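A structural walkthrough
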Amino acid sequence: GSTVETLEFQAETRQLLRLVIHSIYSNKDIFLRELISNASDALDKLRLETLIDSGLDADTSDLHIALEVDPQARTLTVRDNGVGMSRDDLVELIGTIAKSGTAGLLEKIKEAGDAAAAQSLIGQFGVGFYSAFMVADRVTLRTRRAGTEAGTRWESDGEGTYEIQAVDGLPVGTSVTLHLKPVDGEDGLADYLAEWKIRQIVKQYSDFIRWPIRMAGGERTDAEGVTTRQVDTLNSMKALWARPRSEVTEAEYTEFYQQISHDRLAPAETIHMRAEGTFEYEALLFIPAQAPFDLFSRDTRRGVQLYVKRVFIMDDCEALMPDYLRFVKGVVDAHDLSLNISREILQQDRQIRGVRRRLVKKVLGALKDVQAKDAERYAKLWEQFGRALKEGLIEDTDSTEALLELVCAASTHEPERSTTLREYVGRMKDGQDAVYYLTGEDRATVENSPHMEAFAAKGYEVLILTDPVDEVWVERVPAFDGHRLQSIAKGQVDLDGPADGDEEAGAEKARREQEFAALLPWLTEALSAQVKEVRLSSRLTTSAACVVGDAQDMTPTLEKMYRAMGQ
Ligand code: ADP
Ligand code: MG
């Protein structure tokens with residue numbers, strides 16, 4: 001054989017491996033799901049490549065996954081005849097974690113402190129291939145990339161280094177051989193050499209994998225004395241989204257969701273639809289119960305995958321789901337698209353834009369349904385995804401109305417409960433024509449703002465908006481249900497509307513204006529570096545003065561935000 005190279009895992013990978021090996025997951029069974037899912041991806045990729053590039057010399061007549069057990073050697077092998085990896089692929093994909101956000105994840109795990117929180121974080125991240133080291137003390141991988149001659153053998157005990165070596169004569173595809181740890185009931189290791197156990201795991205986690213997962217069963221001797229090894233296909237292979245809704249159980253939806261999302265929880269909402277007509281497609285979408293840890297990090301990815309006629313095309317399909325709905329997970333399987341369609345073309349495709357509009361409507365509709373049926377559950381969802389949804393008010397003007405119905409905000413009406421805009425409007429006073437709000441850094445600051453005084457005194461309800469994104473969307477959205485959104489900190493908010501005709505009040509105002517006629521210009525002059533103008537106000541009841549923005553001015557929080565971004 002050729003020389004063996006010993007390479008080091010990248011530092012972050014080492015840390016992650018340590019976490020995996022020292023049993024971050026309580027459920028070790030999922031290692032098989034991860035390996036099968038990688039094998040399935042590799043088969044998808046090979047099929048796609050041969051469909052696009054007819055020159056690629058690869059046998060795709062019997063694409064499948066094979067599971068092999070060797071009780072003597074105590075090994076379990078997951079084999080596929082998919083696309084395989086080159087030596088460089090191996091170093092890059094297995095030796096380092098290309099995934100963005102690894103460093104951030106490790107940081108959060110350290111902060112989390114307790115094991116359960118860490119487990120939930122890493123569960124969302126999905127450790128993929130490395131999960132093999134939960135059950136194996138050594139892993140050997142042999143692989144050959146389709147269209148190339150050279151094969152590579154990779155081996156590691158997961159401790160810090162791995163060996164890599166060129167080998168001849170490998171078939172196209174990948175085999176991953178796990179040298180299983182001794183069985184020990186205590187740390188959740190089952191007997192992964194047992195056929196029943198493997199069948200059970202495959203059925204539970206990988207039933208809808210679209211490629212056959214085969215395993216050699218026991219030997220059988222027929223009447224003539226000929227002994228054969230029976231090979232069984234363990235999975236049903238039915239793409240869940242292609243089945244009628246009535247035939248899919250809740251448990252199957254949950255398994256599927258957990259597989260694609262790496263979430264450990266069940267989804268909050270499931271949307272399963274089929275569109276017929278000129279552009280046919282099936283969609284199976286999920287709203288998670290909990291936001292992923294990286295929902296607001298720059299490189300978080302959208303969760304919708306695109307398939308064309310059961311062939312996987314791409315992850316993170318931005319053409320199908322707007323950025324603010326990046327937490328939605330699922331699959332769209334379109335029937336009439338080219339397999340080698342590019343992201344750029346997809347973005348411009350009129351029909352795809354139609355699909356996207358429809359999916360957005362469905363998702364917002366599902367949220368609206370929860371809101372109507374179960375306020376408490378809705379409040380939880382809003383807590384998780386409200387900030388992202390409010391980005392939609394900036395990004396997606398087609399959905400402004402639907403999104404405004406979903407918005408929840410704290411309010412002076414009932415300090416313990418947030419309110420919808422619809423509820424706010426229902427409580428508006430006679431003659432009140434605007435929805436009043438005040439933005440600020442946190443609730444206490446807003447509540448104690450001098451701007452609040454007159455509104456509180458008159459019994460007007462004011463929304464308390466404290467998310468940074470609030471500053472932006474309230475500027476973009478002109479009105480809700482015909483009622484203007486009005487900041488109580490900006491411009492001339494005239495609280496004396498109905499009393500204007502009141503002669504006594506008018507006389508009082510004139511008297512005060514006269515009284516302060518000399519003071520105001522003097523103050524304006526003295527404070528000219530800080531303010532544009534000093535004027536009398538009817539806003540205040542107990543405070544002596546407050547600073548008011550022009551109608552077009554940036555709010556202090558927004559100013560701070562822009563400054564923080566270096567603008
Ligand atoms: P993920 O599947 O989320 O990308 P993994 O850790 O499971 O993360 O796998 C890392 C990468 O290694 C995969 O993206 C793939 O490129 C490669 N890989 C893993 N297993 C296989 C396989 N059986 N065949 C081909 N490539 C594989
Ligand atoms: Mg994987």
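Remember, it's a predicted structure, so these values are computed and weren't measured experimentally. (Residues numbered from 1 in each chain as written. Chains lettered and ligands numbered in written order. Predicted model: local features only at pLDDT ≥ 70, side-chain atom pairs only at ≥ 80, totals over all residues.)

**Some words on the sheet that holds strand 15 (residues 408-411)**
Cut-off, in case you're wondering: Two strands make a pair as long as DSSP finds a minimum of two bridges between them. Only DSSP runs of H or I reaching four residues or more are called helices, and only runs of E reaching two or more are called strands; each is numbered from the N terminus.
Pairing is mixed in the open sheet, where six strands are placed in the order 16-15-18-17-20-19. Pairing within the sheet leaves two strands with one partner each, and these edge strands are strand 16 (419-420) and strand 19 (479-480).

**Some points on the pairing of strand 14 (residues 329-334)**
Note the cut-off: Note on burial: count the other C-beta atoms lying within 10 Å of the residue's C-beta; 20 or more is buried, 12 or fewer is exposed, in between is partly exposed, and C-beta positions come from the backbone.
Of all six residues in strand 14, six are buried, a share of seventy percent or more. A two-sided burial pattern is seen for strand 14, the buried positions comprising K329, V331 and D333 on one face and G330, V332 and A334 on the other. Note: strand 11 (residues 281-287) against strand 14, six bridges, orientation antiparallel. Each bridged residue has a counterpart across the sheet, and for L285 the counterpart in strand 14 is G330. Strand direction decides the pairing type here: strand 12 (residues 303-308) and strand 14, joined by six bridges, are parallel. Within strand 14, the position partnered with Q305 by the bridge is V331.

**Details of the environment of L17**
Counted only if it meets this: Working definition of a contact: two residues with C-beta atoms, positioned from the backbone, lying within 7 Å.
When you line up the elements, L17 lands in helix 1 (residues 11-21). In contact with L17, not counting residues within four places along its chain, are F9, Y130, F133 and G158.

**Thoughts on the nonpolar core**
The condition that has to hold: By definition, a nonpolar core groups buried Ala, Val, Leu, Ile, Met, Phe, Trp, Tyr and Cys residues that are joined through C-beta atoms within 7 Å.
A132, L320, V328, V332, V363, V462 and L463 are the most contacted members of the largest nonpolar core, which has 122 residues in total. Per element, the largest residue contribution to this core is nine residues, and it comes from helix 2 (residues 30-52). Apart from the residues within four sequence positions on either side, V332 is in contact with Y281, A283, V304, L306, L320 and V355.

**Considering the sheet that holds strand 10 (residues 269-275)**
Using the following cut-off: Lines fitted to C-alpha atoms define the axes, with helix axes restricted to the stretch in contact, and inter-axis angles between N-to-C directions lie between 0 and 180 degrees.
One open sheet accounts for five strands, arranged 10-11-14-12-13; its pairing is mixed. Sheet topology places strand 10 and strand 13 (311-314) at the edges, where each strand pairs with a single neighbour. Neighbouring strand axes in the sheet, compared pairwise and without regard to direction, differ in orientation by 20° on average. As defined by bridge partners, strand 12 adjoins strand 13 across three bridges and the pair is classed as antiparallel. Considered in strand 13, the bridge of L306 is made with M314.

**Regarding the site of ligand 1**
Rule in force here: Each residue receives a C-beta atom built from its backbone; the residue is near a molecule or strand if that atom lies within 6 Å of it. Gly is put with the polar residues, along with every residue not named as nonpolar or charged; the nonpolar set is Ala, Val, Leu, Ile, Met, Phe, Trp, Tyr, Cys and Pro, and the charged set is Asp, Glu, Lys and Arg.
Around ligand 1 lies a shell of 15 residues, among which N38, A42, L93, G128 and F129 are the nearest. No other element matches helix 2, which puts four residues into the shell around ligand 1. Its residues assigned to classes, the shell around ligand 1 comprises seven nonpolar, six polar and two charged.

**As for the pairing of strand 6 (residues 161-167)**
By the bridge criterion, five bridges tie strand 1 (residues 4-8) to strand 6 in an arrangement that is antiparallel. Paired with T6 across the strands is E163, a residue of strand 6. In sequence, strand 5 (residues 151-156) turns back onto strand 6 through a hairpin of four residues, with G158 there showing a positive phi of about 75°.

**Section: the confidence of the model for the protein chain**
Selection criterion: Values of pLDDT, the confidence the predictor places in each residue, fall between 0 and 100.
Of all residues in the protein chain, 87% have pLDDT values of 70 or greater, and the mean over the chain is 86. The low-confidence segment residues 497-501, where pLDDT is below 50, has three contacts with residues more than four positions distant or belonging to other chains. Under the prediction, the complex receives an ipTM of 0.99, its pTM being 0.71.

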